[in-house]
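Examination of the molecular architecture
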Number of protein chains: 4
Amino acid sequence: MKRVRPLPSYLVQRYKGWKATKYQDNQAWYRHLAQEGQHPRAMIICCCDSRVHVTAIFGADQGEFFLHRNIANLVPPFTPDGQQHGTSAAVEYAVTALKVAHVIVLGHSNCGGVRGCDAMCSGDAPELNDKTSFVGRWMDILRPGYERVKKIKDTEERVAALEKQAVLVSLENLVTFPFVAEAIESGHLTLHGLWHDIGEGEIEHYVPEEGGFVTV
Amino acid sequence: MKRVRPLPSYLVQRYKGWKATKYQDNQAWYRHLAQEGQHPRAMIICCCDSRVHVTAIFGADQGEFFLHRNIANLVPPFTPDGQQHGTSAAVEYAVTALKVAHVIVLGHSNCGGVRGCDAMCSGDAPELNDKTSFVGRWMDILRPGYERVKKIKDTEERVAALEKQAVLVSLENLVTFPFVAEAIESGHLTLHGLWHDIGEGEIEHYVPEEGGFVTV
Amino acid sequence: MKRVRPLPSYLVQRYKGWKATKYQDNQAWYRHLAQEGQHPRAMIICCCDSRVHVTAIFGADQGEFFLHRNIANLVPPFTPDGQQHGTSAAVEYAVTALKVAHVIVLGHSNCGGVRGCDAMCSGDAPELNDKTSFVGRWMDILRPGYERVKKIKDTEERVAALEKQAVLVSLENLVTFPFVAEAIESGHLTLHGLWHDIGEGEIEHYVPEEGGFVTV
Amino acid sequence: MKRVRPLPSYLVQRYKGWKATKYQDNQAWYRHLAQEGQHPRAMIICCCDSRVHVTAIFGADQGEFFLHRNIANLVPPFTPDGQQHGTSAAVEYAVTALKVAHVIVLGHSNCGGVRGCDAMCSGDAPELNDKTSFVGRWMDILRPGYERVKKIKDTEERVAALEKQAVLVSLENLVTFPFVAEAIESGHLTLHGLWHDIGEGEIEHYVPEEGGFVTV
């Protein structure tokens, strides 16, 4: 473990600033949360991308959202094969233990993972097809989405459509989990699909009645 | 997809507030980020827990941190078996594509996933041993950590020690990835282990010279 | 009970509108709240005045704030005499059962109760001195505040000062409750005093370091 | 007063959002309300419970409802003994000074105060019988209601019936106030009893002709 280093000083400074201000203001609440446990209202599944600042966009404070972040905000289908499925574990914990009321899948523009998937499926990124490519194998989840948009000739247009497919495929996969389907049926859970334009700050949500994504 | 609903109004209101204030203030930067791509300085791996507000603690702004969040901030060992490994994909993308300078593993107090792992390994949660338990199979990653702390008799003390093992096991697993080990060797990457006390607002970091966690 | 009438139709219409929109959007969350119980972060004590729209000002959604509203946002001193004390009961429930992190006393401009107290103490409203005046006896709680501002000659100025005394006297009385004092001492509760200008939309908060109320 | 703290930052943010949007939109009306005084149409008496969002349900805007909120929406009987009666003061002010047209008592499901009363009267919560229990003494108001439902064996069923008794007892007590009885007799005031199901979003109102509560 000699390869591990102390916290970089620029982060020490920021942490000390938080401790002296926001923590001081909210100490009682944070102690309450520590002792009484979390009761988040929603689970948000979004991309690891550093430009998707979901806590800022939704004014999140401590205790409000159970956040799972992975490459391209993907949820794989229900596969109870005894292997390690981090995303499925997060969904299981949120829905069955925390009983969140909403699962929100938030996609975004300029997604590197989605662009890589498009390149891989188009034959332009053979290295992603390699068995040892973790990113490639993870993006396999989005292949059914690529099949639906592959007829779009223009690359930028196709990639943008694929970003929204990343949301839709995840929503479709979510309902393959029996505990998700049951919570929806009994009126204890709703699903929501969003796509965020990083540069323009827009959010579109999927509205089934409209058959597609609509600006909020 | 008729089970999908529009964005709840309380989140619409918050988003509109962000759009009218923070987005307006930073539009030029957000457009820059959209066009020029992300260049995050660090990857942070932390828990999905709603009480771990990592963006607040480190004053994160858009574009700064590549964030992967899963149950109990775990990284599995390098296993290039062609299966879907969301965490390994995130690490691969951060280190090989984004070339982040730091990978920070942030554990925390009062972790439900770690407590579940302790119960499972102690024989008190047989349901987590079930092949179909996604949380149980995910927490298998932490079993080597349990082996090191199982001699601690007091449950609260043992669970607290296991929370720090969740950080250490992840750091140990990180260096099993060849691209991680290479980036460290060549001086392009450092690893960092943190543990956050939710109620008291403290952060401890792992300092190898001290042989353990030390308050920042 | 023949004096009781059905709900007026204008309220039926509004309720049906809420049911068809906001309730539909949040049904899963409301069912969660019904089954899992409330976990409000703060108790807010404010006036019954129809112009103090505290839920709008703080963007309150269901489950966030435990709200006690009485005439002039007053808290009486700790008096465990076995009589009925509605405000003391509300404080007791919030602090000991719900373990809220904040108790916020919100006063406001143009307060009819405070103006009545000023008139009563100045000798201009003898009817409020009557033993049978519930408003008069309730406003007796604010008499210690009147003593501190009675030297102010200008009536408007004196009434405005008395509105802030209504906040300060309540805060002083709050710490006479042993369970409030204990929760503060142990770092689980903080008190906050606010005054709201209805016409201008301003909020001032009491900042002890400044020795008075300061615009937020 | 050194125990008092400034307003927590998450509420500052929400307040600033309100100021920049809703206040700006309605400034003229809010200034009007400040200068001309309030003229609310109805008084609503409801529980402090954070899940009873009465302003949302009835689409309340500033100036519309005089709101009194206490534990379990109780009104004590007319008792002009010179002691402090916060609820009686609020009723007196609403009916004699503001001359509201309606007094609405709104009960609700999952009420912690009512459940506590049931436990106290059933002998299962001796601590609530203590003279120093403010919640216990306040819930004494509901004892006549318990007498009417105590023959119901099933606890959940009995508590639900007691929630509606909290509305009926309050309505009965309201008419013991001479000024309330007079306003009703002269046709200037009507009383209304409601019960709200938090999880299902339903409202039932008391309809004397039906001899009970009926879904709106």
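Given the structure is predicted, the values throughout are model-derived calculations rather than measurements. (Residues numbered from 1 in each chain as written. Chains lettered and ligands numbered in written order. Predicted model: local features only at pLDDT ≥ 70, side-chain atom pairs only at ≥ 80, totals over all residues. Heavy atoms only, no water.)

1. A few points about the overall build of chain A
If you tally the helices and strands in chain A, you get nine helices and six strands. The principal-axis extents of the C-alpha atoms in chain A amount to approximately 55 × 50 × 40 Å. For chain A, the residues scored as buried account for 64% of the 216 residues in total. When the accessible surface of chain A is split by element, carbon and sulfur atoms take 50% of a total near 7300 Å². Charged side chains in chain A number 22 positive and 26 negative. The centres of these two groups are separated by 10 Å. (Helix = DSSP H or I, 4+ residues; strand = E, 2+ residues; numbered from the N terminus. Buried < 20%, exposed > 50% of the residue type's maximum accessible area, 1.4 Å probe, protein only. Areas by Shrake-Rupley, 256 points an atom, 1.4 Å probe, with all protein chains shown as cover. Lys, Arg positive; Asp, Glu negative; His and termini not counted. Charge placed at Lys NZ, Arg CZ, Asp CG, Glu CD.)

2. What to know about the interface of chain B and chain C
The parts lose accessible area when they come together, and the size of an interface is often stated as this lost area. Each partner contributes residues to the interface: chain B has six residues there, and chain C has seven residues. When chain B packs against chain C, the two sides together hide about 490 Å² of surface, and 33% of this comes from carbon and sulfur. It is B:Arg5, B:Ser9 and B:Tyr10 in chain B that bury the most area against chain C; as a group they hold 65% of the surface buried on that side. Across the contact surface, chain B and chain C share one salt bridge. Of the charged contacts in the structure, one is a salt bridge between B:Arg14 and C:Glu64, with a shortest N-O distance of 3.9 Å. Summed over the shared surface of chain B and chain C, the number is one residue pair in polar contact (both at pLDDT 80 or more). Its residues assigned to classes, the side of chain B that touches chain C comprises two nonpolar, two polar and two charged. (Contact = heavy atoms within 4.5 Å. Buried area = accessible area lost by both parts, 1.4 Å probe. Salt bridge = Lys/Arg side-chain N within 4 Å of Asp/Glu carboxyl O. Polar contact = N/O pair within 3.5 Å; in protein donor to acceptor, adjacent residues only side chain to side chain. Nonpolar A, V, L, I, M, F, W, Y, C, P; charged D, E, K, R; others polar.)

3. Some words on the pairing of strand β5 (residues 203–207) of chain C
Residue and element names in this part refer to chain C. Of all five residues in β5, five are buried, a share of seventy percent or more. The two faces of β5 match: Ile 203, His 205 and Val 207 on one face and Glu 204 and Tyr 206 on the other face are all buried. In this sheet, β5 lies alongside strand β4 (residues 190–196) in antiparallel orientation, the contact comprising three bridges. In the strand pairing of β5, Trp 195 is matched with Glu 204. (Pairing = 2+ DSSP bridges.)

4. Focus: the side chain of A:Arg31
Following the sequence through the fold, A:Arg31 ends up in helix α1 (residues 9–36). Engagement of the side chain of A:Arg31 in a polar contact is seen with the backbone oxygen of C:Gly187, the distance being 3.5 Å. Look past the residues within four positions of A:Arg31 in its chain and what remains in contact with it is A:Tyr23, B:Gly199, B:Glu200, C:Ser186, C:Gly187 and C:His188.

5. As for the relation of the copies chain D and chain C
Once turned by 180° and shifted 0.0 Å along the axis, chain D lies on chain C with an RMSD of 0.1 Å. The transformation just described matches what one would write down for a two-fold rotation axis. Scanning chain D for the C-alpha nearest the rotation axis identifies D:Arg69, at a separation of 2.5 Å. Residue by residue, 99% of the interface of chain D is reproduced at the interface of chain C, so both copies engage with the same surface. (Least-squares fit on C-alpha atoms with pLDDT ≥ 70 in both.)

6. Considerations on empty space enclosed by the protein
Within the structure shown, the criterion is met by twelve cavities of 30 Å³ or more. Estimated volume of the largest cavity: approximately 420 Å³. As for the largest cavity, its lining consists of 29 residues, and the residues nearest its centre are A:His39, A:Gly63, A:Glu64, C:His39 and C:Glu64. Class assignment for the residues of the lining of the largest cavity results in nine nonpolar, eleven polar and nine charged. (1 Å grid on protein atoms, 1.4 Å probe; cavity = no way out; pocket = protein on both sides within 12 Å on 5 of 7 lines; lining within 4 Å. Points joined across faces, edges and corners; volume = space filled by probe spheres on them.)

7. A short note on the layout of surface pockets
Here the largest pocket is characterised by a volume of approximately 1300 Å³. Of the residues forming the lining of the largest pocket, the biggest block, ten residues, is contributed by helix α1 (residues 9–36) of chain B. Within the lining of the largest pocket, the residues separate by chemical class into 18 nonpolar, 19 polar and eleven charged. Volume-wise, the second largest pocket comes out at about 490 Å³. A:Gly37, B:Arg51, B:Asn110, B:Cys111 and B:Gly112 are, among the 25 residues lining the second largest pocket, the residues nearest its centre. Among the elements of the structure, α1 and α3 (86–97) of chain A, α4 (112–122) and α8 (155–174) of chain B together with α1 (9–36) of chain C are those that each provide at least two residues to the lining of the second largest pocket. With four residues, the top contributor of residues to the lining of the second largest pocket is α8(B). Tallied by class, the residues present in the lining of the second largest pocket amount to nine nonpolar, eight polar and eight charged.

8. Topic: the interface of chain D and chain C
Each partner contributes residues to the interface: chain D has 103 residues there, and chain C has 102 residues. Of the roughly 9200 Å² buried between chain D and chain C on both sides combined, carbon and sulfur atoms contribute 61%. Summed over the shared surface of chain D and chain C, the result is eight salt bridges. One can count 56 residue pairs in polar contact (both at pLDDT 80 or more) joining chain D with chain C. Of the residues forming the side of chain D that touches chain C, the biggest block, 14 residues, is contributed by helix α1 (residues 9–36) of chain D. Residue classes in the side of chain D that touches chain C are distributed as 50 nonpolar, 31 polar and 22 charged.

9. Here we look at the packing of helix α3 (residues 86–97) of chain D against helix α9 (residues 178–185) of chain D
Pairs of packed helices are described in terms of their axes, by the angle between the two and the distance that separates them. All names here are of chain D. One way to put it is that α3 packs onto α9 with a least axis distance of 10 Å and a crossing angle of 35°. Crossing handedness for the pair α3 and α9: left-handed. Together, Val 91, Glu 92, Val 95 and Thr 96 of α3 and Phe 179, Val 180 and Ala 183 of α9 make up the contact between the two elements. Tallied by class, the residues present in the contact of α3 with α9 amount to five nonpolar, one polar and one charged. (Axes fitted to C-alpha atoms, helices over the stretch in contact; angles between N-to-C directions. Left-handed = near helix turned anticlockwise from the far one by under 90°.)

10. Structural notes on the pattern of salt bridges
Applying the stated criterion across every chain, the model contains 54 salt bridges over all chains. Salt bridges here are not isolated pairs; linked through shared partners, they connect A:Glu64, B:Arg14, C:Glu64 and D:Arg14.

11. Points about the domain arrangement of chain A
Residue and element names in this part refer to chain A. Under the domain assignment used here, chain A contains domain 1 (1–37) and domain 2 (38–215). With six residues of domain 1 at the interface, the matching set in domain 2 holds five residues. When the two sides are added together, the surface that domain 1 and domain 2 hide from each other amounts to roughly 450 Å², 46% of it contributed by carbon and sulfur. On the domain 1 side of the contact with domain 2, Tyr 30, Leu 33 and Gly 37 bury the most area, a combined 63% of that side's loss. At the boundary of domain 1 and domain 2, one finds one salt bridge. With a closest N to O distance of 3.9 Å, Lys 22 and Asp 61 form a salt bridge. Applying the counting criterion to the domain 1 and domain 2 interface returns three residue pairs in polar contact (both at pLDDT 80 or more). (Domains from an automatic or database assignment.)

12. Remarks on the UniProt feature "binding site: Zn(2+)" (unreviewed entry) in chain A
Residue and element names in this part refer to chain A. When the UniProt feature table is mapped onto this chain, "binding site: Zn(2+)" (unreviewed entry) is found at Cys 47, Asp 49, His 108 and Cys 111. A compact arrangement is adopted by the annotated residues: their sequence extent is 65 residues, whereas the largest C-alpha distance between any two is 9.0 Å. Looking at the secondary structure, you find His 108 in strand β3 (residues 102–108). In contact with His 108, other than residues within four places in its own chain, are Cys 47, Asp 49, Arg 51, Val 52, Asn 73, Glu 163, Trp 195, His 196 and Ile 198. With respect to the secondary-structure elements, Cys 111 resides in the loop between β3 and α4 (112–122). When its relative accessible area of 3% is taken as the criterion, Cys 111 is described as buried. Here Cys 111 is in contact with Cys 47, Ala 72 and Glu 163, once residues within four sequence places are set aside. (UniProt positions renumbered as here; feature names shortened; annotations may be inferred.)

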